[in-house]
Amino acid sequence: MTDLNPTRAAGEELLAAFAPKMGRHYANGRNTDHGPGEHNAVSMLSPYIRRRLVLESDVVAAALAAHGPEDTEKFVQEVIWRGYFKGWLERRPQVWASYRNGLDADLAILERNRRLRRDVDRAMAGQTGLACFDAWATELVETGYLHNHARMWFASIWIFTLGLPWRLGADFFFRHLLDGDAASNTLGWRWVAGLHTRGKPYAADAQNIATFTAGRFTPRRSELAEVTQGLEATEPDGLPPVLPLRPVTLPQPGRSTALLITDEDCRVEDFDLAALDIRAAAKLMAGHLRSPLPVSELVLRFEDGALADATARAGISTVEMQANDPVGLVRWAAGAGATQIVTPYVTRGPLRDWLDEATPALAKEGITLCEWQRDWDTAIWPHATAGFFKVKRNIPRILEQMSLA
Ligand SMILES: Cc1cc2nc3c(=O)[nH]c(=O)nc-3n(C[C@H](O)[C@H](O)[C@H](O)COP(=O)(O)OP(=O)(O)OC[C@H]3O[C@@H](n4cnc5c(N)ncnc54)[C@H](O)[C@@H]3O)c2cc1C
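What counts as what
- Residues numbered from 1 in each chain as written.
- Predicted model: local features only at pLDDT ≥ 70, side-chain atom pairs only at ≥ 80, totals over all residues.
- Heavy atoms only, no water.
- Near = heavy atom within 4 Å.
- Polar contact = N/O pair within 3.5 Å; in protein donor to acceptor, adjacent residues only side chain to side chain.
- Areas by Shrake-Rupley, 256 points an atom, 1.4 Å probe, with all protein chains shown as cover.
- Helix = DSSP H or I, 4+ residues; strand = E, 2+ residues; numbered from the N terminus.
- Domains from an automatic or database assignment.
- Pairing = 2+ DSSP bridges.
- Axes fitted to C-alpha atoms, helices over the stretch in contact; angles between N-to-C directions.
- Contact = heavy atoms within 4.5 Å.
- Buried < 20%, exposed > 50% of the residue type's maximum accessible area, 1.4 Å probe, protein only.
- Salt bridge = Lys/Arg side-chain N within 4 Å of Asp/Glu carboxyl O.

Peer 1: Describe the site of the ligand, listing the residues and the values that go with them.
Peer 2: Around the ligand, 27 residues are found, and the nearest of them are Tyr26, Ser43, Met44, Tyr145 and Asn148. Take Leu45: an N or O atom from its main chain is 3.1 Å from an oxygen atom of the ligand. In the environment of the ligand, an oxygen atom lies 3.0 Å from a nitrogen or oxygen atom belonging to the backbone of Ser46. The fraction of the free accessible surface of the ligand (810 Å²) that becomes covered by protein chains is 96%. Breaking the shell around the ligand down by element, the ones donating at least two residues are helix H3 (46-50), helix H5 (73-91), helix H9 (148-161) and helix H11 (182-193). Element by element, the count of residues in the shell around the ligand is highest for H5, at 6 residues. Residues from two domains meet in the shell around the ligand; each of domain 1 (8-90 + 379-401) and domain 2 (99-234) gives at least three.

Peer 1: Describe the sheet that holds strand E1 (residues 256-261), naming the residues involved and giving the relevant values.
Peer 2: The strand order across the open sheet formed by 5 strands is E3-E2-E1-E4-E5, and the pairing between neighbours is parallel. Unpaired on one side and paired on the other, strand E3 (319-322) and strand E5 (368-372) mark the two borders of the sheet. On average, adjacent strands in this sheet sit at an angle of 30° to one another, irrespective of strand direction. Direction of pairing for strand E2 (residues 277-285) relative to E3: parallel, over a ladder of 4 bridges. Looking at the pairing, Lys283 lines up with Glu320 of E3. Sheet contacts for helix H13 (residues 297-314): E1, E2 and E3; angle to E2, the most-contacted strand, approximately 160°. Packing against the sheet, helix H14 (residues 326-335) makes contact with E1, E2, E3 and strand E4 (340-344), and its axis sits at approximately 140° to E1.

Peer 1: Describe unusual backbone geometry, listing the residues and the values that go with them.
Peer 2: When glycine is set aside, most residues are seen to have a negative phi, and most peptide bonds are trans. Look at Arg52: it is not a glycine, yet its phi comes out positive at around 55°. On the basis of relative accessibility, which here comes to 7%, the residue Arg52 falls in the buried class.

Peer 1: Could you give an account of the pattern of salt bridges, naming the residues involved and the relevant values?
Peer 2: This structure, assessed with the given rule, holds 33 salt bridges. Ionic pairing is found between Glu12 and Arg8, a salt bridge with its closest N-O pair at 2.8 Å. Of this pair, Glu12 and Arg8 both sit in helix H1 (residues 8-18), 4 residues apart, which is roughly one turn of the helix. One salt bridge connects Arg348 with Asp356, and the closest N-O pair in it is separated by 3.9 Å. By relative accessible area, which is 34% here, Asp356 ends up partly exposed. The structure contains a network of salt bridges with shared partners spanning Arg8, Glu12, Asp58, Asp265, Arg267, Glu269, Asp270, Asp309, Arg313 and Arg374.

Okay, structure coming up:
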């Protein structure tokens, strides 16, 4: 994974190479984790899709063109899971806020509790003595990727066998995954913990691990906790209510504009740049916001490369900006005489939090934050109010809306 090139061209090459496998090959083989360097039954497109170097709609179109709707059902569903999770978090932003607050509290406890500190450090260093878990911790740190099944097993063992706080595990993932995404990661962990589909925690099973690692790992049953209950009791009030989608201010043609390119969406060339009076443009490095702890160099380098590639494709010269003090954003835009900052829609997560912090200061300067939205998101998000089933039921309609059916 470390040799992945963070460009649209490299993502599209990977997409073309995997397209022949998006049908039955994927459906039959996707659950097996063959280990680092051998992840051939899954696409490994996630770092590209996460940054929209490759679009979900292009991935789905390639699958359908190569195999037709029946054979690609599973693959298309998996791609749509991402949109489901993103929409779900857009509609329940309280869950993101409580994750971040809870993480701060967990990190404060870690400072005081030496035993917990030792156990968490051992888990992250791959030194628990449980061979499969230790190998996945090492793979994650060294490559920035884990197979989906390994993510499920790892999270389950972290929570139920090692008894460690789930948010510290989610944070460990978020700091190291090249595809790290606030929605997929937070909700993936919550799902394993039994907090998303409440009362249905995911149990890592010894036989299942042996089967789906093709015998690379054969943990004993006694080494893994028997999971009888999830973490629902830690959230006795249940899930917060579904909120309406955040209203979006669209860019206005002709207004003096500061263009912001972030790794939320690295294909600004898809939008109508020519309609804008662009006075300044910046690529914003925000990967370090993922966590209060240091974020992996692999992640930061991938972001840097993706932003350089995005800027080159947009054909616009940019300054580089670090997402530090949000007032810096205001100064930059005001200094360029901009009355609107334009960027592709920024979903719930660390970058959104940072932009929200800047919003009052922007308003004081008379600068509006405007966003472009993608049809893919607007097609899925209205259905992302409950379980995945509701979205799944609507997949034919979503594909039709996207002219993909
Ligand atoms: C605890 C946990 C944490 C996770 N954290 C992240 C994360 O931070 N970022 C992330 O992109 N995915 C996350 N996932 C989902 C999934 O594991 C990855 O998207 C997938 O493993 C990426 O590998 P791939 O590109 O080879 O997937 P493929 O199987 O080839 O799937 C194609 C694409 O579909 C999407 N996708 C597939 N499965 C899922 C899923 N279960 N949920 C959401 N999208 C999916 C991804 O964009 C992926 O690139 C997490 C899952 C779990 C259980």
